[in-house]
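Tertiary structure, described
Each chain is listed here by its residues.
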Number of protein chains: 2
Amino acid sequence: MKIVALAGGVGGAKLAHGLAQLLAPEDLTIIVNTGDDFEHLGMYISPDLDTVCYTLAGLANPETGWGRVNETWNTIANIEKLGGPNWFRLGDQDIATHLERTRRMKAGQSLSEVTKDFCSAWGIKHTILPMSDSPVRTMVDTDEGELAFQEYFVYRRCEPRVKGFRFDGVNSAEPAPGAREAIDSAGAIIICPSNPWVSVDPILRVIQKINNPVIAVSPIIGGKTVKGPAAKMYTELGIEPSALAVAEHYGNLLSGFVLDTVDGQLSDRIAACTLTTNTLMNNSSDRARLATDVLNFAGSL
Amino acid sequence: MKIVALAGGVGGAKLAHGLAQLLAPEDLTIIVNTGDDFEHLGMYISPDLDTVCYTLAGLANPETGWGRVNETWNTIANIEKLGGPNWFRLGDQDIATHLERTRRMKAGQSLSEVTKDFCSAWGIKHTILPMSDSPVRTMVDTDEGELAFQEYFVYRRCEPRVKGFRFDGVNSAEPAPGAREAIDSAGAIIICPSNPWVSVDPILRVIQKINNPVIAVSPIIGGKTVKGPAAKMYTELGIEPSALAVAEHYGNLLSGFVLDTVDGQLSDRIAACTLTTNTLMNNSSDRARLATDVLNFAGSL
């Protein structure tokens, strides 16, 4: 069965890595959110795409959830000494990705072409696609006004209260080449445990129509997120953060929903078929185990 | 006596450093060639300006003559893995300079404003000015056609035979703010031992009129350069490389000329007043010693 995984950063990258451990390269396409992309210090930075690529390549920093393992920080330390912006932490190896991507894009390559070349250089065999080659920019409406995503997320550390989201450019953004075909030929589309509001919604908005079965894995476990502001966002938007809220967020789109054993009591209230299992991924074998559960569940639907 | 030093990269930076050891901050202005500047990987790179700044700040790599001491190379190594350009060696600390300078220039700061702020951050008290805030680009006419300077110098390692030089943009380039005033109020202008063709000529072309005494220090010792292609350029242009050729290059501009003791026999053939002394600068005290000799010579003219 061919699988498409929709992923944001950390949590999405973990399940995508689990799926990549089980599926042949031709059977898995990972479509990644690019609503978080931004330009910083003149470089085109694609945080979710890099996290997914680094994770699949074994280059990710397991401590932070972002950036490279065995990283050094000499560039950013010196930018700091010169009074430059240091709020977005860029490692020396990571900067190579951004500089070379920016160079290629200025020379006319699309984001998906660059991503393909980088995956090849990093030894990644499965297909990783940005959701679109056109810019889509997630804007966060807050009690302090509208903020660009990284300004909200990193610079303001998610402190302003969220009132809503806007995906600038989404209406004119086509899915990246190959994304539509992958969706249409997939036996199942798996929504990884990523932030529904700011990681998955932008992808769904770009993809628009999905006719094949969709299974979502809850990023909320026991009312909390493993990482990131999804639970805080639900609360600020007046919704109690829970696996149930996530299932309701995706609504009719879902054929199946995967929630953690600690949330088992919620499964009766969820309209889709449910799988209750251990969804926490602390290590590489946890990722493969959850991926196995999700694939078996997909096969049973 | 107020002094203006005109400098290119390595040799120029060494004498400028010697002068800075002797002169009060308000008495020394260093005007630096920017004809070598170029854009690479989306960054504005100013090699001579950086070499002079790093040297005065004690941040220069004493082995290479360019770049930073205690440098790491993680960014360029990873750009290389991605198939990106690796011919221009950029260290991780050095990249911070280029990224932050580019960011500031895109935000509207001039090159001289950025340089002032960077000097302040690096603890440099003397004034370092780019020759101009307008782009001037040294183009090298060779037997393989015209090459941009860094393409000739670094990418092609000075291999093509030189036929001439062109300074693109020089006619419309104004001296950087303060340069004209510094030249006009200087007791002497010292041309550091830099390449006459590609380091000093661009500065002289921008400055145009100099009414105060000019003293040049020969970058050619015993027919050879300590570093760089000046001697090779003289040969390819049909001129025997020597201190005499350098003195003749500057011609009537010179009030005084400083040549090495090994070239003492040439001094009779030089029109300007000459000082014959040890011009080789192997360490910091050599720089101060030569600067002392040159300043005493300037005072005696």
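Please read all numbers here as calculations on a predicted model, not as lab measurements.

**Observations regarding the overall build of chain A**
On a plain count of helices and strands, chain A comes out with 11 helices and 14 strands. Considered along the principal axes of its C-alpha atoms, chain A spans approximately 55 × 45 × 40 Å. The 301 residues of chain A split such that 52% are buried. Contacts spanning at least 24 positions in sequence make up 66% of the contacts within chain A whose residues lie at least 6 apart.

**What to know about the sheet that holds strand β2 (residues 28–32) of chain A**
In any sheet, the strands associate via hydrogen bonds between backbone groups, in a parallel or an antiparallel arrangement. Residues and elements named next belong to chain A. The seven strands lie next to each other as β5-β2-β1-β9-β10-β13-β14, forming an open sheet whose pairing is parallel. Bordering the open sheet on either side are β5 (127–130) and β14 (273–277), each of which pairs with just one other strand. Looking at each pair of strands side by side, their axes are set apart by 20° on average, direction ignored. Pairing geometry for strand β10 (residues 214–217) and strand β13 (residues 256–260), over three bridges, is parallel. Bridge pairing in β13 places Val-217 opposite Val-258.

**As for helix α5 (residues 111–121) of chain B**
All names here are of chain B. Taken as a whole, α5 has its buried residues at Leu-111, Ser-112, Val-114, Thr-115 and Phe-118. Projected onto a plane normal to the axis of α5, the buried residues spread over an arc of 155° and lie on a single side. Buried-residue contacts for α5 involve α2 (47–57), α4 (92–106) and β5 (127–130). Once α5 ends, the next one or two residues include Gly-123, with phi positive near 75°.

**Topic: the relation of the copies chain B and chain A**
When chain B is fitted to chain A, the best match, at an RMSD of 0.0 Å, comes from turning it 180° and sliding it 0.0 Å along the axis. Such values leave the two copies arranged in the relation of a two-fold axis. Within chain B, Asp-92 of chain B has its C-alpha nearest the rotation axis, a separation of 3.2 Å. A high fraction, 100%, of the interface residues of chain B reappear at the interface in chain A, so the copies pair face to face through one surface.

**Here's the deal with the pairing of strand β9 (residues 188–191) of chain A**
Two faces belong to every sheet, and in a regular strand the side chains alternate between them. All names here are of chain A. Taking every second residue as pointing to the same face, both faces of β9 are buried, with Ala-188 and Ile-190 on one and Ile-189 and Ile-191 on the other. Relative to β9, strand β1 (residues 3–7) runs parallel, the two sharing four bridges. Of the residues in β9, the one forming a bridge with Ala-5 is Ile-190. Of the strand pairs in this sheet, β9 and β10 are connected by three bridges, and their pairing is parallel. Within the sheet, the bridge partner assigned to Ile-191 lies in β10 and is Ala-216. The parallel pair β9 and β10 is bridged by helix α8 (residues 196–207), and the resulting crossover is right-handed.

**What about the packing of helix α1 (residues 10–22) of chain A against helix α2 (residues 47–57) of chain A?**
Residue and element names in this part refer to chain A. The contact between α1 and α2 brings their axes to 9 Å, and the two run at 35°. Along this stretch, α1 crosses α2, giving a crossing that reads as right-handed. Here α1 contributes Val-10, Gly-12, Ala-13, Lys-14, Ala-16, His-17 and Ala-20 to the contact with α2, which in turn contributes Thr-51, Val-52, Thr-55 and Leu-56. Split into classes, the residues belonging to the contact of α1 with α2 amount to six nonpolar, four polar and one charged.

**Overview of the environment of Asp-133 of chain B**
Residue and element names in this part refer to chain B. By secondary structure assignment, the location of Asp-133 is in the loop between β5 and β6 (137–142). Residue classification places Asp-133 among the buried positions, given that 21 C-beta atoms sit within 10 Å. Residues contacting Asp-133, with those up to four places away along its chain left out, are Ser-110, Leu-111, Ser-112 and Ala-176.

**Comments concerning helix α10 (residues 243–250) of chain A**
Residues and elements named next belong to chain A. Along α10, the residues that are buried comprise Ala-243, Leu-244, Ala-245, Val-246 and Ala-247. Against the buried residues of α10 lie α8, β10, β11 (220–221), α9 (230–236) and β13. Where α10 terminates, the next one or two residues include Gly-251, which has phi positive at roughly 55°.

**Regarding the environment of Ala-182 of chain A**
Residue and element names in this part refer to chain A. Turning to its location among the elements, Ala-182 is positioned in helix α7 (residues 179–185). Sequence separation between Ala-182 and Thr-29 is 153 residues; the distance between their C-alpha atoms is 6.8 Å. Those residues in contact with Ala-182, other than ones at most four positions away along the chain, are Val-4 and Thr-29.

**Overview of the sheet that holds strand β2 (residues 28–32) of chain B**
Residues and elements named next belong to chain B. If you walk across this open sheet you meet the seven strands as β5-β2-β1-β9-β10-β13-β14, and the pairing is parallel. The sheet is open, and its two borders are formed by β5 and β14 (273–277), each paired with just one other strand. Each strand of the sheet is rotated relative to its neighbour by a mean of 20°, with strand direction disregarded. Relative to strand β1 (residues 3–7), helix α1 (residues 10–22) is tilted by about 160°, and along the sheet it contacts β1, β2 and β10 (214–217).

**Quick notes on the packing of α1 of chain A against helix α11 (residues 284–300) of chain A**
All names here are of chain A. Running from N to C, α1 and α11 cross one another at 75°; their axes reach a closest spacing of 7 Å. Classified by the angle between their axes, α1 and α11 sit roughly perpendicular to one another. For the pair α1 and α11, contact is made by Lys-14, Leu-15, His-17, Gly-18, Leu-19, Gln-21 and Leu-22 and by Arg-287, Ala-288, Leu-290, Ala-291, Thr-292 and Leu-295, respectively. The residue inventory of the contact of α1 with α11, partitioned by class, reads seven nonpolar, four polar and two charged.

**Quick word on the nonpolar core**
Ala-5, Ala-16 and Ile-215 of chain A together with Ala-5, Ala-16 and Ile-215 of chain B are the most contacted members of the largest nonpolar core, which totals 183 residues. Excluding anything up to four places from it in sequence, Ala-5 of chain A contacts Leu-15, Ala-16, Leu-19, Leu-28, Ile-30, Ile-190 and Cys-192 of chain A.

**So, the interface of chain B and chain A**
Facing the 23 residues of chain B at the interface are 23 residues of chain A. Looking at the side of chain B that touches chain A, the elements that each hand over two or more residues are α3 (74–81), α4 and α5 of chain B. For the side of chain B that touches chain A, the element with the most residues is α4 of chain B, which contributes nine residues. The residue inventory of the side of chain B that touches chain A, partitioned by class, reads eight nonpolar, nine polar and six charged.

**Looking at the confidence of the model for chain A**
Mean pLDDT over chain A works out to 97, with 100% of the residues at or above the 70 mark. Quick note on the complex model: pTM equals 0.95, ipTM equals 0.94.

**A few points about unusual backbone geometry**
All names here are of chain B. One non-glycine residue with positive phi stands out, namely Cys-158, at about 60°. Following the sequence through the fold, Cys-158 ends up in the loop between α6 (149–155) and β8 (162–168). With 16 C-beta atoms packed within 10 Å, Cys-158 lands in the partly exposed category. If you check the backbone angles, Gln-208 has positive phi at about 65° while not being a glycine. Note on placement: Gln-208 falls in the loop between α8 (196–207) and β10. Gln-208 gets classed as exposed once you count the C-beta atoms within 10 Å, which come to 10.

Definitions and cut-offs
- Residues numbered from 1 in each chain as written.
- Chains lettered and ligands numbered in written order.
- Predicted model: local features only at pLDDT ≥ 70, side-chain atom pairs only at ≥ 80, totals over all residues.
- Helix = DSSP H or I, 4+ residues; strand = E, 2+ residues; numbered from the N terminus.
- Buried ≥ 20, exposed ≤ 12 C-beta atoms within 10 Å, placed from the backbone.
- Contact = placed C-beta atoms within 7 Å.
- Pairing = 2+ DSSP bridges.
- Axes fitted to C-alpha atoms, helices over the stretch in contact; angles between N-to-C directions.
- Arc of directions from axis to C-beta.
- Least-squares fit on C-alpha atoms with pLDDT ≥ 70 in both.
- Right-handed = clockwise from strand over helix to strand, strands pointing away.
- Left-handed = near helix turned anticlockwise from the far one by under 90°.
- Nonpolar A, V, L, I, M, F, W, Y, C, P; charged D, E, K, R; others polar.
- Parallel < 35°, antiparallel > 145°, perpendicular 65-115°, else oblique.
- Core = buried A, V, L, I, M, F, W, Y, C linked by C-beta atoms within 7 Å.
- pLDDT = per-residue confidence, 0-100.

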